[in-house]
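Below, each chain spelled out in residue letters.
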Amino acid sequence: MFARIGSRLAAIAVVVFIALGVARPALADDVPVAVAANFTEPVKAIAAAFTARTGHHVTLSFGSSGQFYTQITQGAPFQVLLSADAERPQRLEREGLGVPGSRFSYAIGQLVLYSKTPGLADGAGVLKSGRFAKLAIADPSAAPYGVAAIQTMTRLGVYAALQPKIVKGSSITQTFQFVDSGAAELGFVALSQVIDQPGGSRWLVPAALHAPIDQQAILLFAGQKKPAARAFLQFLKSPEALAIIKRYGYEVR
């Protein structure tokens with residue numbers, strides 16, 4: 001009799017835990033995720049929330065989308081890619097390295113002209129005046145924010161004149177470091193990188209001046225049979241994750 005009562009209590013306890021949403025996987029897994037550098041701070045917060053919810057651990061690697069594409073084609077064991085563009089996830093899907101149907105836009109990036117000098121990044125005027133020695137951008141061959149920077153300068157009619165002043169970072173992180181260290185007076189960076197920066201000056205580049213920075217995620221072949229990797233991508237669409245993404249200045253679809 002007591003054995004039957006104990007069994008019933010145990011079953012009730014399991015139901016209660018599931019109802020409260022605190023059940024954890026029997027075996028926590030690790031999810032290696034390649035993340036475009038502009039998304040560094042948001043994804044740290046998202047990964048922490050995901051781990052708290054599921055018990056799974058997320059190993060984050062940061063760099064340019066172009067560098068990650070090359071590494072993945074050479075066999076890097078990432079299970080998820082959070083790219084800063086749509087092109088590379090699309091290519092990985094076509095090439096059989098990304099799982100068909102798993103690709104989606106997780107954020108629309110915002111380009112900012114930033115300076116540590118108050119009043120300097122006052123809009124298109126500073127670019128037309130050229131009253132600075134160095135302008136930092138991310139390498140456009142590897143980083144979509146660099147492409148957007150060049151499109152912006154081209155549409156403003158200043159690219160040819162500013163080319164001698166341009167210094168290129170290997171990623172948007174290095175681009176920000178150029179400006180933060182004073183190596184460049186101005187730089188085109190991601191809004192997420194400066195949204196909490198005190199002082200300085202910034203100009204949010206109008207969306208009409210460059211193609212949308214459509215940042216897409218994809219489940220990679222290495223994560224195809226990994227429930228934790230699929231769960232992480234699903235969590236990226238959750239209200240909790242979307243609130244974090246918007247908090248850092250991104251738009252979401």
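For the structure itself, consult the block above.
Small disclaimer: the values here were computed from a predicted structure and weren't measured.

Visitor: What is the right way to look at the pattern of salt bridges in this model?
Guide: The tally for this structure, following the rule as stated, stands at 9 salt bridges. Arg 88 is the salt-bridge partner of Asp 85, the closest N and O atoms lying 2.6 Å from each other. Both residues of the pair, Asp 85 and Arg 88, belong to the buried class.

Visitor: Mind showing me how you'd approach the packing of helix H3 (residues 65-73) against helix H4 (residues 87-94) here?
Guide: The angle between the axes and the distance between the axes are what describe a pair of packed helices. At a minimum axis separation of 10 Å, H3 and H4 run at an interaxial angle of 10 degrees. Classified by the interaxial angle, the pair formed by H3 and H4 is roughly parallel. Taken as a pair, H3 and H4 cross one another with a handedness that is right-handed. Contacts from Ser 65, Gly 66, Tyr 69, Ile 72 and Thr 73 of H3 reach H4 at Arg 88, Arg 91 and Leu 92. Partitioned by chemical class, the residues of the contact of H3 with H4 number 3 nonpolar, 3 polar and 2 charged.

Visitor: Quick question: what am I supposed to make of the packing of aromatic side chains here?
Guide: How two aromatic rings sit relative to each other is given by the distance of their centres and the angle of their planes. Per the stated rule, a full pass over the model turns up 6 aromatic pairs. A centroid spacing of 5.4 Å and a plane angle of 85 degrees characterise the contact between Phe 68 and Phe 78, whose relative ring orientation is edge-to-face. Here Phe 68, found in helix H3, pairs with Phe 78, found in the loop between H3 and strand S3 (80-82); they are 10 residues apart in sequence, far enough to count as distant. The class for Phe 78 is buried, based on a relative accessible area of 11%.

Visitor: What should I look at first to understand the sheet that holds strand S10 (residues 213-219) in this one?
Guide: The strands making up a sheet associate through backbone hydrogen bonding, with each pair oriented either parallel or antiparallel. With mixed pairing, the 5 strands of this open sheet are ordered in space as S2-S1-S3-S10-S4. Whereas interior strands pair on both sides, the edge strands pair on one side only; in this sheet they are strand S2 (57-63) and strand S4 (104-109). Taken over all neighbouring pairs, the strand axes of this sheet differ in orientation by 20 degrees on average, direction set aside. Two strands pair when backbone bridges link them, and S4 and S10 are joined in this way by 5 bridges, in the antiparallel orientation.

Visitor: What exactly am I supposed to notice about the pairing of S2 here?
Guide: Remark: a regular strand shows side chains that alternate across the two faces of the sheet. As paired strands, strand S1 (residues 30-36) and S2 are joined by 7 bridges and run parallel to one another. Of the residues in S2, the one forming a bridge with Val 31 is Val 58. Viewed along the sheet, the connection from S1 through helix H2 (residues 40-54) into S2 turns out right-handed.

Visitor: Explanation requested: empty space enclosed by the protein in the structure shown.
Guide: Once rolled over the atoms, a probe with the size of a water molecule shows which space is left empty. If you walk through the whole model with that rule in mind, you get 1 cavity of 30 Å³ or more. Taken as a whole, the largest cavity holds about 60 Å³ of empty space. What lines the largest cavity is a set of 13 residues, and nearest its centre among them are Ala 37, Asn 38, Ser 64, Ala 143 and Ile 172. Classifying every residue of the lining of the largest cavity gives 8 nonpolar, 5 polar and no charged.

Visitor: I tried to follow the sheet that holds strand S8 (residues 186-190) on my own but got confused; where do I start?
Guide: The mixed open sheet is built from 5 strands, whose spatial order is S7-S6-S8-S5-S9. Where the open sheet ends on each side, the last strands, each with one partner, are strand S7 (166-169) and strand S9 (201-204). Neighbour to neighbour, the strand axes of the sheet diverge by 30 degrees on average, direction disregarded. Relative to S9, strand S5 (residues 111-115) runs antiparallel, the two sharing 4 bridges. If you follow Val 112 over to S9, its bridge partner there is Leu 204. Along the sheet, helix H6 (residues 144-155) makes contact with S5, strand S6 (135-138), S7 and S8, crossing S6 at roughly 130 degrees. Set on the sheet, helix H8 (residues 172-181) makes contact with S5, S6, S7 and S8; between it and S8 the angle comes to about 145 degrees.

Cut-offs applied
Residues numbered from 1 in each chain as written. Predicted model: local features only at pLDDT ≥ 70, side-chain atom pairs only at ≥ 80, totals over all residues. Heavy atoms only, no water. Salt bridge = Lys/Arg side-chain N within 4 Å of Asp/Glu carboxyl O. Buried < 20%, exposed > 50% of the residue type's maximum accessible area, 1.4 Å probe, protein only. Axes fitted to C-alpha atoms, helices over the stretch in contact; angles between N-to-C directions. Helix = DSSP H or I, 4+ residues; strand = E, 2+ residues; numbered from the N terminus. Parallel < 35°, antiparallel > 145°, perpendicular 65-115°, else oblique. Left-handed = near helix turned anticlockwise from the far one by under 90°. Contact = heavy atoms within 4.5 Å. Nonpolar A, V, L, I, M, F, W, Y, C, P; charged D, E, K, R; others polar. Phe/Tyr/Trp six-rings, centres within 6.5 Å; stacked < 30°, edge-to-face > 60°. Pairing = 2+ DSSP bridges. Right-handed = clockwise from strand over helix to strand, strands pointing away. 1 Å grid on protein atoms, 1.4 Å probe; cavity = no way out; pocket = protein on both sides within 12 Å on 5 of 7 lines; lining within 4 Å. Points joined across faces, edges and corners; volume = space filled by probe spheres on them.

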